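The primary structure of each chain is shown beneath.
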Amino acid sequence: MNVLLIGSGGREHAMSWKLAASPLLTKLYAAPGNPGIAEDAEIVPLKVEDHAAVIAFAKEKKIDLVVVGPEAPLTAGLADALLAAKIKVFGPQKIPATLEGSKSFTKRLCAEHNIPTAGFIETKDRAEARAYIERHGAPIVLKADGLHAGKGVIVAMTKEEALMAVDQVFAMSGEAPVVIEEFLEGEEASYFCFVHGEQVLPLASAQDHKRVFDNDQGPNTGGMGAYSPAPVFTKEIERIVLEKIVHPTARALAKAGTPYSGVLYIGLMITKDGPKLIEYNVRFGDPECQVLMPRMKDDLLTLMLATANGELDKSSVRWRDEVAITVVFANKGYPGAYKSGAEIRGIEKANEIEGVTVFHAGTKSDGNKIVSNGGRVLNVTALGKSVTEARERAYKAIALIDWPEGFYRSDIGWRAIAREKAK
Ligand code: AMP
Ligand code: GLY
């Protein structure tokens with residue numbers, strides 16, 4: 001098969017690494033790609049926003065499957081355009097991608113189908129929003145509609161903070177309604193399923209670390225590290241999530257004539273009353289994908305093709321018993337302003353540590369040097385018999401990378417390690 005992978009982050013490098021190992025693969029192309037992805041794929045200068053150009057390329061190179069990594073091309077309708085041109089695609093069309101693109105769309109779906117989630121209102125009226133906050137008090141959560149790279153959600157710990165955030169969230173939401181919802185207490189976990197129409201193939205769980213500094217301090221980021229599986233996500237919780245959240249969602253979209261096809265990211269809060277949906281994403285997590293791919297025993301391309309073809313009822317997937325952890329090596333200043341372009345040395349040495357794979361997230365080639373080119377720059381990933389062992393390997397590897405302009409959290413996996421120690 002000839003495959004075109006869309007995207008340029010650590011998530012897409014993890015996918016290209018796994019796709020490159022597929023016995024079905026003839027040739028992998030990637031756009032826009034990065035120097036890590038370039039080890040697995042031919043990088044092609046395609047403008048992903050230009051659907052006609054992507055279609056023309058796919059026809060010329062006889063692409064059998066287009067794999068879309070990030071959400072933006074999906075909410076922009078790239079999958080619809082490809083399917084209309086009779087090109088197979090891994091990733092949902094525009095309407096089902098609204099699960100990520102619109103908070104109110106997802107909350108309404110939850111309300112209609114009794115899917116467990118935080119109690120909420122959706123409103124276009126600032127006065128109504130303020131009255132709801134006055135009535136419910138804090139902590140409380142405000143969510144702007146649309147894609148905001150994780151910045152559209154405000155978790156307000158006081159009523160004053162919530163009231164102050166109203167104008168900002170309404171401004172971000174534009175014409176679409178704002179969601180204001182109950183604060184959920186518990187431990188977060190994410191879960192991933194391949195979905196096609198009403199068919200669901202459960203994958204695995206993971207947990208990421210959203211705050212920038214150790215001990216979960218500082219502002220939210222796209223994720224500073226992750227591990228898989230998430231011990232809090234037990235078999236019993238998985239059963240409930242499939243029955244009460246994933247299947248009703250897949251069924252509802254299929255019945256509405258807008259079936260989902262692709263990977264569904266289920267963001268959960270495991271509360272004392274059971275799992276509740278926080279959010280859906282219509283793609284793999286970044287950096288969660290980086291810990292799922294090394295654990296997947298079966299062939300990713302076979303499974304992505306089965307997803308696109310609607311053959312998930314005939315598919316199965318196995319996972320290694322080992323756990324995986326990834327530590328994000330980020331640019332100093334991230335998630336705020338930072339400088340790109342500093343040289344990074346020692347990636348090969350880090351890759352030599354047993355069980356370790358370094359994924360490129362925000363790098364660029366400069367002659368024969370690798371330089372930083374983004375906020376989250378490398379994802380140092382390790383497998384191990386336990387989280388403790390995987391973590392030791394990942395930190396041993398990251399210490400071999402010479403990049404003084406970077407920083408990382410030193411406590412990735414702390415919840416799981418505390419659980420291992422308590423055993
Ligand atoms: P979202 O973009 O909806 O995933 O929200 C971003 C982050 O905000 C989540 O990963 C949670 O850490 C937090 N969050 C969102 N909704 C809630 C909620 N109802 N209760 C507690 N925390 C939340
Ligand atoms: N790591 C969180 C996300 O990909 O949305």
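Thresholds applied
Residues numbered from 1 in each chain as written. Chains lettered and ligands numbered in written order. Predicted model: local features only at pLDDT ≥ 70, side-chain atom pairs only at ≥ 80, totals over all residues. Heavy atoms only, no water. Buried < 20%, exposed > 50% of the residue type's maximum accessible area, 1.4 Å probe, protein only. Helix = DSSP H or I, 4+ residues; strand = E, 2+ residues; numbered from the N terminus. Contact = heavy atoms within 4.5 Å. Near = heavy atom within 4 Å. Polar contact = N/O pair within 3.5 Å; in protein donor to acceptor, adjacent residues only side chain to side chain. Areas by Shrake-Rupley, 256 points an atom, 1.4 Å probe, with all protein chains shown as cover. Nonpolar A, V, L, I, M, F, W, Y, C, P; charged D, E, K, R; others polar. Pairing = 2+ DSSP bridges. Axes fitted to C-alpha atoms, helices over the stretch in contact; angles between N-to-C directions. Core = buried A, V, L, I, M, F, W, Y, C linked by side-chain atoms within 4.5 Å. Phe/Tyr/Trp six-rings, centres within 6.5 Å; stacked < 30°, edge-to-face > 60°. Parallel < 35°, antiparallel > 145°, perpendicular 65-115°, else oblique. Left-handed = near helix turned anticlockwise from the far one by under 90°. 1 Å grid on protein atoms, 1.4 Å probe; cavity = no way out; pocket = protein on both sides within 12 Å on 5 of 7 lines; lining within 4 Å. Points joined across faces, edges and corners; volume = space filled by probe spheres on them.

1. Section: helix α5 (residues 94-101)
Line of reasoning, step 1. Restricting attention to buried positions, one finds in α5 the residues Pro96, Ala97, Leu99, Glu100 and Gly101.
Line of reasoning, step 2. Along its buried surface, α5 packs onto α3 (71-75), α6 (103-112), α9 (235-255), β15 (261-271) and β16 (274-281).

2. Here's the deal with the site of ligand 2
Line of reasoning, step 1. Every residue near ligand 2 is listed here: Asp208, Gly222, Tyr265, Asn281, Arg283, Gly285, Asp286, Pro287 and Glu288.
Line of reasoning, step 2. The side chain of Glu288 places a nitrogen or oxygen atom 2.9 Å from a nitrogen atom of ligand 2.
Line of reasoning, step 3. Contact with the protein chains covers 89% of the free accessible surface of ligand 2, which is 200 Å².
Line of reasoning, step 4. The residue makeup of the shell around ligand 2, split by class, is two nonpolar, three polar and four charged.

3. Topic: the sheet that holds strand β4 (residues 65-68)
Line of reasoning, step 1. Pairing is parallel in the open sheet, where five strands are placed in the order β3-β2-β1-β4-β5. At either end of the open sheet lies a strand with only one pairing partner, and these are β3 (42-43) and β5 (89-90).
Line of reasoning, step 2. Bridge analysis of strand β1 (residues 2-7) against β4 gives four bridges, and the strand direction is parallel. The partner of Leu4 across the bridge, within β4, is Val66.
Line of reasoning, step 3. Sheet strands touched by helix α1 (residues 10-19): β1, β2 (27-32) and β4. Its angle to β1, the strand with the most contacts, is close to 165°.
Line of reasoning, step 4. Strands in contact with helix α11 (residues 300-309) are β1, β4 and β5; relative to β4, the strand with the most contacts, it is inclined by about 100°.

4. Things to note about the nonpolar core
Line of reasoning, step 1. Judged by nonpolar contacts, the single largest core of 51 residues is most densely connected at Leu4, Val66, Val241 and Ile266.
Line of reasoning, step 2. Beyond its immediate stretch of four places on either side in the chain, Val66 contacts Leu4, Ile6, Leu82, Ile87, Lys88, Val89 and Phe90.
Line of reasoning, step 3. Counting 42 residues, the second-largest nonpolar core is a separate cluster that includes Ala30, Leu292, Met296 and Leu312.

5. Examining the site of ligand 1
Line of reasoning, step 1. As a matter of local geometry, ligand 1 sits amid 15 residues, with Glu181, Glu182, Leu184, Glu188 and Glu279 nearest to it.
Line of reasoning, step 2. Here a nitrogen atom of ligand 1 and a backbone polar atom of Leu184 are 2.8 Å apart.
Line of reasoning, step 3. Here ligand 1 has 470 Å² of accessible area as a free molecule, and 90% of this is covered by the chains.
Line of reasoning, step 4. Looking at the shell around ligand 1, the elements with two or more residues in it are β7 (140-143), β8 (153-156), β9 (178-182) and β16.
Line of reasoning, step 5. Split by residue class, the shell around ligand 1 holds eight nonpolar, no polar and seven charged.

6. Things to note about the sheet that holds strand β21 (residues 369-372)
Line of reasoning, step 1. One open sheet accounts for three strands, arranged β18-β21-β20; its pairing is antiparallel. Either end of the sheet is taken by a strand with one partner, and the two such strands are β18 (343-344) and β20 (363-366).
Line of reasoning, step 2. Both β18 and β21 contribute to a ladder of two bridges, which runs antiparallel. Within β21, the position partnered with Ile344 by the bridge is Ile370.

7. Structural notes on unusual backbone geometry
Line of reasoning, step 1. Going from Ala31 to Pro32, the amide bond is cis rather than trans, its omega being -10°.
Line of reasoning, step 2. Secondary-structure assignment places Pro32 in strand β2.
Line of reasoning, step 3. Omega for the peptide link from Asp286 to Pro287 comes to 25°, which places this bond in the cis form.
Line of reasoning, step 4. Even without being a glycine, Lys86 presents a positive backbone phi close to 65°.
Line of reasoning, step 5. Tracing the backbone through its elements, the reader meets Lys86 in the loop between α4 (78-84) and β5.
Line of reasoning, step 6. The exposed category is assigned to Lys86, whose relative accessible area is 75%.
Line of reasoning, step 7. One non-glycine residue, Asn114, lies in the positive phi region at around 60°.
Line of reasoning, step 8. If you trace the backbone, Asn114 turns up in the loop between α6 and β6 (120-123).

8. So, the packing of aromatic side chains
Line of reasoning, step 1. Scanning the model with the defined rule gives eleven aromatic pairs in all.
Line of reasoning, step 2. Where Tyr29 meets Phe57, the ring centres are 5.3 Å apart and the plane angle is 85°; that geometry is what we call edge-to-face. Here the residue Tyr29 occupies a position in strand β2, and Phe57 occupies one in helix α2 (residues 51-60), the gap between them amounting to 28 residues. Neither Tyr29 nor Phe57 differs from the other in exposure class; each is buried.
Line of reasoning, step 3. With a centroid separation of 5.0 Å and 80° between ring planes, the pair formed by Phe192 and Tyr265 is classed as edge-to-face. In this pair, Phe192 sits in strand β10 (residues 187-196) while Tyr265 sits in strand β15, placing the two residues 73 residues apart along the sequence. Side by side, Phe192 and Tyr265 carry an identical accessibility label, which is buried.
Line of reasoning, step 4. An aromatic cluster of three or more residues is present, and its members are Phe90, Phe192, Phe194, Tyr265 and Phe284.

9. Some words on the packing of helix α7 (residues 126-136) against helix α8 (residues 159-173)
Line of reasoning, step 1. Remark: α7 packs on α8, axes separated minimally by 10 Å, with the N-to-C direction vectors making an angle of 155°. With respect to each other, α7 and α8 are oriented roughly antiparallel. Seen from above, α7 lies across α8 with right-handed handedness. Of the residues in α8, those touching α7 at Arg126, Ala129, Arg130, Ile133 and Glu134 are Lys159, Ala162, Leu163, Val166, Asp167, Phe170 and Ala171.

10. Some words on empty space enclosed by the protein
Line of reasoning, step 1. Applying the stated criterion to the full structure yields one cavity of 30 Å³ or more.
Line of reasoning, step 2. Considering only enclosed or pocket space, the largest cavity measures out at about 90 Å³ in volume.
Line of reasoning, step 3. Every residue lining the largest cavity is counted, 15 residues in all, and those nearest its centre are Lys103, Thr106, Lys107, Ile278 and Glu279.
Line of reasoning, step 4. Partitioning the lining of the largest cavity into residue classes produces six nonpolar, three polar and six charged.

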